Amino acid sequence: MARWSADDKRVISEAKETLSGELKGKLSARCTHVKGHGGVKKSLRLLTRVIPGFRYAARFAVARYYESIDHAFLLSQLKSMQVSQHSQDIVQQYLALPDRRNSGKGMIAGGSLSPLLGAVMLTPLDKIMEKETRTGHAWYIRYMDDFVVLAKTRHQFRKAIKQVHAVMRELKLTLHQKQKCFIGKTETGFGFLGYQVCPDQRLHPSAESIKRLTIRYRRLYEQGVTLERLRQYVVRWCCWLWGGLQGRVSREGGMERYWCDLNATSPLRISQSNTDLRPLAFNWGATAVPG
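**Student:** Any chance you could explain the pattern of salt bridges here in plain terms?
**Tutor:** Opposite charge on two side chains permits pairing when their charged atoms draw close. This structure, assessed with the given rule, holds six salt bridges. Ionic pairing is found between K159 and E132, a salt bridge with its closest N-O pair at 3.4 Å. Taken as a pair, K159 in helix α8 (residues 154-171) and E132 in helix α7 (residues 123-134) lie far apart in primary sequence, 27 residues in all. For K159, a relative accessible area of 40% translates into the label partly exposed. With relative accessibility at 10%, the residue E132 sits in the buried group. As a salt-bridge pair, E208 and R212 come within 3.8 Å of each other at their nearest N and O atoms. Placement of the pair is E208 and R212 together in helix α9 (residues 207-222), with a separation of four residues, close to one helical turn. Using a relative accessible area of 44% as the deciding quantity, one classes R212 as partly exposed.

Below, the structure written as structure tokens:
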């Protein structure tokens, strides 16, 4: 496991600021996890706005993304984007320290430079999909290694998917085949960034989001937290679910729906009188995902 010294952390922190400045305007606006590009909620706002105009959708994610990043290709990308030699040298050291087997692959998932470098790595995909988007026949959005491609006709759809696979081969990356993968008609609906997306319908939490909510809720219960803390967690989760999407998410059943569903499927048994969320004192403006 990589161990950064205090000096290393300072250098990397400074490098992050420098590299962000050097890459400003060079990373695709459709790569939304980059600071200033809008994040998860902007991705979903854009997607829900355009999806009624498209018949086909593909949602992909790269398998073991950070583990699979090729150092030589990433460094060549930085060079082609005219990043300074000093920044390139720091990135090279950043990649090399955890690579104790000298495989020339892999990157620390939690490192401060990793989100930025993760954006750089898939720039070839961004460029090709942006070109297709400009034709009006296709559409594309990406959050880190998780992305969606839309198309209007079967021919355009097959062409776009073929291009995606060609880029993946070039980058020596592999897509998930079952998990985080959907290829079909938009009317079927698919999961993306924690939400279930379907044309002309409000967003709902995806099955994976509900699963994570349930697991975290049960862990809190097993840790012996108070009833108020459990309710607070559900409220915060709902604030995250609805926040930043300007009424695009279904509120059917309100918070009580999730609270009651969780208690019905968990070991916890709470009397009906204790299922009311309204008396809970909480900052309703919070939108952060609960830890």
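There is more to say, and it comes next.
**Student:** Explain the sheet that holds strand β6 (residues 195-197) to me, please; I cannot follow it from the model alone.
**Tutor:** The pairing of strands in a sheet comes from backbone hydrogen bonds and takes either a parallel or an antiparallel form. Pairing in this open sheet of three strands is antiparallel, and the strands run β5-β6-β7 from one edge to the other. Every other strand in the sheet has two partners, leaving β5 (190-192) and β7 (204-205) as the edge strands with one partner each. Both β6 and β7 contribute to a ladder of two bridges, which runs antiparallel. Paired with Y195 across the bridge in β7 is P205.

**Student:** In this structure, what is going on with α9? I would like to understand it.
**Tutor:** Because each turn of an α-helix spans 3.6 residues, side chains separated by three or four positions end up pointing in the same direction. End to end, α9 covers 23 Å across 16 residues, agreeing with the expected 22 Å (1.5 Å per residue, within 8%). Among the residues of α9, S209, L213, T214, Y217 and L220 are the ones counted as buried. Taken down its axis, α9 places every buried residue within 135 degrees of arc, on the same side. In α9, the exposed positions angled more than 90 degrees off the buried face are occupied by A207 and E222. With its phi angle positive at about 80 degrees, G224 sits one or two positions after the end of α9.

What counts and how
- Residues numbered from 1 in each chain as written.
- Predicted model: local features only at pLDDT ≥ 70, side-chain atom pairs only at ≥ 80, totals over all residues.
- Heavy atoms only, no water.
- Salt bridge = Lys/Arg side-chain N within 4 Å of Asp/Glu carboxyl O.
- Helix = DSSP H or I, 4+ residues; strand = E, 2+ residues; numbered from the N terminus.
- Buried < 20%, exposed > 50% of the residue type's maximum accessible area, 1.4 Å probe, protein only.
- Pairing = 2+ DSSP bridges.
- Expected span 1.5 Å × (residues − 1).
- Arc of directions from axis to C-beta.

The values are spatial; any link to function lies outside them.
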